[in-house]
Amino acid sequence: MRMMIFGAGYSGKAIGRQMAAQDIWVGGTSRSADKAEALRGAGLQPYIYDGQVLSDELMQVLAGVTHLVQSIAPGRDGDPLISLFGENGLRAAMPKLEWLCYLSTVGVYGDHDGAWVNEETALKPVSVRSVERVEAETAWTALAQRDGLPLAILRLSGIYGPGRNTFINLEQGTARRLVKKDQVFNRIRVEDIASATAFLAGPRTAGVFNVTDDMPSPPQDVVTEAARLMGIEAPAEQPFETAELTPMARSFYGENKRVSNAKIKALGFDFHFPNYYQSLQDLLSSGRWNKPA
């Protein structure tokens, strides 16, 4: 197996670290040389990709890639890799390719008033970025079918882990307990994203999978628990309606749903961090909460 991760950011580095630990060659792309060096530290071979043009070096490497993970978010012009490979097909650039993975988001489901959703639930995205995700999922599905390749679409909930979590927000004084009646969110520890990717990549499993925890919960409860574990006082609760928020932050509260992970569990996958109680305890006790991912 030789894996290339396009857009090896927070999740991509975790995936690369997981695969490299299994003695699998992993490459990853970044837009800048500074960030590319961080990939090397995670066990990935770094390559620069500006989102538009593939270098000759990267093209040569892609010729030997068997597993492709796409983690770059789409934009107004769609998915950048679809634009690159869509016309000639993936096999023209990657003749040894055996499996595709697209990292998407549970935002594609839109708002369901707190009801449970699964992979069969109709998609009704609310935000522009979620509409773009649905379009990207559709484009990748069509391309994979055309090229006869198995495609796994991973719909991720709110990502956190080492170096990106509520403990850091509390330490920096930016944590808030915003309260909106009946609002819940799912979350996912970044290491579980990596483990799920590796689990599906081995047998080249295709399908759509929600990669999310077992405990959709009010966001203020997570802050309360993190403060309790740190032995500090939690910030005061604030009504969502009167809180000052950026348009993007406010838009997240426009979607309310409980996301099921039963499908990937039915295949035999076990989440290491199925709920935020266990995960926060692990982050704090291990001392990894404030370490770079």
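Residues numbered from 1 in each chain as written. Predicted model: local features only at pLDDT ≥ 70, side-chain atom pairs only at ≥ 80, totals over all residues. Heavy atoms only, no water.

Caption draft 1: Structural detail: the pairing of strand β4 (residues 67-70). Because side chains alternate across β4, one face comprises the buried residues H67 and V69, and the other comprises L68 and Q70, equally buried. Where strand β1 (residues 2-6) and β4 come together, four bridges link them in parallel fashion. Paired with M4 across the two strands is L68, which belongs to β4. The sheet contact formed by β4 and strand β5 (residues 99-105) spans four bridges and is parallel. Pairing of V69 across the sheet is with C101, part of β5. (Buried < 20%, exposed > 50% of the residue type's maximum accessible area, 1.4 Å probe, protein only. Helix = DSSP H or I, 4+ residues; strand = E, 2+ residues; numbered from the N terminus. Pairing = 2+ DSSP bridges.)

Caption draft 2: Structural view of helix α8 (residues 190-201). When the terminal C-alpha atoms of α8 are compared, their 17 Å separation across twelve residues agrees well with the 16 Å that a helix rising 1.5 Å per residue should span. Among the twelve residues that make up α8, eleven are buried, leaving the element largely enclosed by the rest of the structure. Buried within α8 we find V190, E191, D192, I193, A194, S195, A196, T197, A198, L200 and A201. (Expected span 1.5 Å × (residues − 1).)

Caption draft 3: A look at unusual backbone geometry. The residue D23 is not glycine, and still its phi comes out positive at about 60°. With respect to the helices, strands and loops of the structure, D23 is situated in the loop between α1 (10-20) and β2 (25-30). We classify D23 as exposed; its relative accessible area is 75%. With phi around 55°, D113 is a residue other than glycine that occupies positive phi space. By the secondary structure assignment, D113 is in the loop between β5 and β6 (116-117).

Caption draft 4: Just the environment of A139, in detail. Relative to the elements of secondary structure, A139 occurs in helix α6 (residues 128-147). Judged by relative accessible area, which is 27%, A139 ranks as partly exposed. For the pair A139 and D79, spaced 60 residues apart in sequence, the C-alpha to C-alpha distance is 8.2 Å.

Caption draft 5: Layout of the sheet that holds strand β7 (residues 151-156). Overall, parallel pairing links the seven strands, which are arranged β3-β2-β1-β4-β5-β7-β11 in an open sheet. The two strands at the open ends of the sheet, each matched to only one other strand, are β3 (45-48) and β11 (207-211). When strand polarity is set aside, the average angle formed by the axes of neighbouring strands in this sheet is 20°. Across four bridges, β1 lies against β2 in parallel orientation. Along β2, the bridge assignment pairs M4 with G27. In the packing of α1 onto the sheet, contacts are made with β1, β2, β4 and β5, and the angle to β1 comes to roughly 170°. The sheet strands contacting α6 are β4, β5 and β7, and the helix crosses β5 at an angle near 170°. (Axes fitted to C-alpha atoms, helices over the stretch in contact; angles between N-to-C directions. Contact = heavy atoms within 4.5 Å.)

Caption draft 6: Here's a closer look at the pairing of β2. Of all six residues in β2, five are buried; the element is thus mostly enclosed. Taken together, β1, α1 and β2 form a β-α-β motif whose crossover is right-handed. Note that β2 and β3 share four bridges and pair parallel. Paired with S30 across the bridge in β3 is I48. Where the polypeptide runs from β2 across helix α2 (residues 33-41) and back to β3, its parallel neighbour, the crossover connection is right-handed. (Right-handed = clockwise from strand over helix to strand, strands pointing away.)

Caption draft 7: Highlighting the nonpolar core. Among the nonpolar cores identified, the biggest contains 32 residues, and M3, I15 and V211 are the most heavily contacted of them. Elements with a minimum of two residues in this core: β1, α1, β5, β7, α8 and β11. Of the residues forming this core, the biggest block, seven residues, is contributed by α8. Aside from chain neighbours lying at most four places away, what touches I15 is M3, I5, V69, L103, I193, A194 and T197. Counting 27 residues, the second largest nonpolar core, distinct from the first, contains I82, M94, A144 and I153. (Core = buried A, V, L, I, M, F, W, Y, C linked by side-chain atoms within 4.5 Å.)

Caption draft 8: Representation of the pattern of salt bridges. Scanning the model with the defined rule gives twelve salt bridges in all. The partner of R155 in a salt bridge is E137, and the shortest N-O contact between them spans 2.7 Å. On the criterion of sequence distance, the pair formed by R155 in strand β7 and E137 in helix α6 is long-range, its members being 18 residues apart. One exposure class covers both R155 and E137, and it is buried. K181 is paired through a salt bridge with D182; the nearest N and O atoms lie 3.1 Å apart. Note on K181: relative accessible area 71%, which makes it exposed. Salt bridges here are not isolated pairs; linked through shared partners, they connect R189, E191, D282 and R288. (Salt bridge = Lys/Arg side-chain N within 4 Å of Asp/Glu carboxyl O.)

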